[in-house]
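Below, each chain spelled out in residue letters.
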Amino acid sequence: MRKLRNVLYVTNPQSYLSKDGESIVVSVENQELARVPIHNLEGVVCFGFMGASPGMMALCTENDVGLCFVSPYGKFMARVGGKVSGNVLLRKRQYAVSDDETASVKIASYCILGKLMNCRTVLQRFSRDYPDMVSGEFERNFKRLSEGIVQIKAGTCGSLNELRGFEGILSKYYFDSFNDLILSTEPEFSFENRSRRPPLDRVNALLSFSYTLIAADCASALESVGLDPQVGFLHRVRPGRPSLALDLMEEFRPYLGDRFVLSLVNNRVVTAGNFVVKENGAVLLTDDARKTVLQAWQKRKKEEVMHGYLEERMPIGLLPYSQAMLLARFLRGDIDGYPPFVVR
Amino acid sequence: MFVLVTYDVNTETPEGRRRLRQVAKICKNFGVRVQNSVFECVVDSVQLMEMKYKIGEVINTETDSVRYYNLGKQGREHVEHVGAKPGLNVDDALIF
């Protein structure tokens, strides 16, 4: 397996990225803040508006380092991709499968299955750890979710739309129970339902932020195995949307995203004061809190888990890469089905 | 692995000063400068060979010296820093 390298996060909006030899230099008003050799990096995420020099972009693409620009609040803006490379036969196969509804349903249902099973594990883990806090509603939702998983496994969904609808209902059950998982008694951290663009409460702000980070990792993982992150199976193809990255990230949402957010809130890594509320109700992370979250995120990515299918221990940060690799193998016909990542 | 690279290049001649700049430039591509002629590099064995080769091409073995201390995977744990200019740890969260 590949080594997990580091990700450089640039959160100061005044900073400018440039290249010097084989290193990336972060500077603010012509003053050098940091200098990192490119071979230590996996990706660069820039939260600023000053940007980067074309030379630095070239350095990143030559070394397969993902470079993406997001707004200071974590909204994805742009990703720099190099020359079209990789295996064109693999990509053609991907496009063909994407046009074929039956084949797409097959892959998409694996992704959804992975996601829902991981959702179930998140709930299950909670009910095991805090058996006295489990309400009747929680148990009902858990049961519905489990039943839905059995149905998807049995292959009841014949079309993508059916699958999307079914997934929507089951996710709703999951998010209905999500508030129970938040142990913080502060009223600011109560969760009602998922809101986005903009997130309307603190938990939603954290969820959206962590999903952005996962999506960026998934997109670069797909790129590095030679797949086109824009051509998806479950998510519709739409200009500018990394549909396949969104497909791939489904299975990571509960395990990497939701559990990460829960641990931030429940362990009081972030507090109610770490957010600003805008006039339109949008809730956003403050600059300092964003740094704290990113620090926790980087730490989390270094933790090791056992990959059930590959039977190998690997850092969490490499999971998107290993799943992208498995997806490529499936499209190439080396394996019979796409095995989503399921937490034990 | 974590490799500490230190060098001493004779700068009495203009030619020597040129070599010094070139060695520094190569080191900058592989690691983080922690003192004037001391670099901490997190590299794999191929990158280390590449760096040794490139530096070997530049220096004059009669007058200059370069030392590579290979501290292994956990090398950073053996480093204690006192005073100004703490070096950047490329394995830590990089947030600027």
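The coordinates are above.
In this text the structure is predicted, and so the values were computed from the model without any measurement. (Residues numbered from 1 in each chain as written. Chains lettered and ligands numbered in written order. Predicted model: local features only at pLDDT ≥ 70, side-chain atom pairs only at ≥ 80, totals over all residues. Heavy atoms only, no water.)

**Student:** I'd like to hear about the sheet that holds strand S4 (residues 65–70) of chain B, residue by residue, with values.
**Tutor:** All names here are of chain B. As summarised here, the arrangement of the four strands in space is S2-S3-S1-S4, forming an open sheet in which the pairing is antiparallel. In this open sheet, the two strands that pair with only one neighbour each are strand S2 (32–35) and S4. Taking each pair of neighbouring strands and ignoring which way they run, the sheet shows an average axis angle of 25°. Examined bridge by bridge, strand S1 (residues 2–8) and S4 share six bridges and lie antiparallel to one another. For Thr-6, the partnering residue across the bridge sits in S4 and is Arg-67. Its contacts with the sheet place helix H2 (residues 45–58) against S1, strand S3 (38–42) and S4, and it is angled at close to 170° to S4. (Pairing = 2+ DSSP bridges. Helix = DSSP H or I, 4+ residues; strand = E, 2+ residues; numbered from the N terminus. Axes fitted to C-alpha atoms, helices over the stretch in contact; angles between N-to-C directions. Contact = heavy atoms within 4.5 Å.)

**Student:** Describe the nonpolar core, listing the residues and the values that go with them.
**Tutor:** Counting residues in hydrophobic clusters, the biggest one holds 95 residues, and the most contacted among them are A:Tyr9, A:Phe178, A:Leu206 and A:Leu227. Not counting the four nearest positions on each side in its chain, A:Leu227 is found in contact with A:Leu90, A:Gln94, A:Leu222, A:Leu244, A:Ala324, A:Leu327, A:Ala328 and A:Leu331. (Core = buried A, V, L, I, M, F, W, Y, C linked by side-chain atoms within 4.5 Å. Buried < 20%, exposed > 50% of the residue type's maximum accessible area, 1.4 Å probe, protein only.)

**Student:** Please provide a residue-by-residue account of the environment of A:Asp258, values included.
**Tutor:** All names here are of chain A. Its place among the elements puts Asp-258 in helix H9 (residues 253–266). With 48 residues separating them along the chain, Asp-258 and Ser-210 place their C-alpha atoms 8.2 Å apart. Those residues within four positions of Asp-258 in sequence are excluded, and the remaining contacts are Tyr-174, Phe-175, Phe-178, Leu-207, Tyr-211 and Arg-253. For Asp-258, the side chain forms a polar contact with the side chain of Tyr-174, separated by 2.6 Å. A polar side-chain atom of Asp-258 sits 2.5 Å from a polar atom in the side chain of Tyr-211. (Polar contact = N/O pair within 3.5 Å; in protein donor to acceptor, adjacent residues only side chain to side chain.)

**Student:** Hey, could you go over the sheet that holds strand S4 (residues 31–37) of chain A for me, with residue numbers and the actual values?
**Tutor:** All names here are of chain A. In spatial order, the strands read S2-S3-S4; together these three strands make up an open sheet with antiparallel pairing. Edge positions in the sheet fall to strand S2 (15–20) and S4, since each has one partner strand and no second. Shown here is a sheet whose adjacent strand axes are inclined to one another by a mean of 25°, direction ignored. Judged from the six bridges that link them, strand S3 (residues 23–28) and S4 form a sheet pairing that is antiparallel. Looking across to S4, one finds that Val-25 is bridged to Arg-35.

**Student:** Requested: an account of helix H5 (residues 160–176) of chain A, with residues and values cited.
**Tutor:** Residues and elements named next belong to chain A. Between the first and last C-alpha of H5 there are 24 Å, a value that for 17 residues agrees with the 24 Å anticipated at 1.5 Å per step. For H5, every residue scored as buried is listed here: Leu-160, Leu-163, Glu-167, Leu-170, Ser-171, Tyr-174 and Phe-175. Angular distribution of buried residues about the axis of H5 spans 140°; they occupy a single face of the element. Residues of H5 that are buried sit in contact with helix H3 (101–129), helix H4 (136–154), helix H6 (178–181), helix H7 (202–225) and H9. (Expected span 1.5 Å × (residues − 1). Arc of directions from axis to C-beta.)

These figures capture arrangement, not role.
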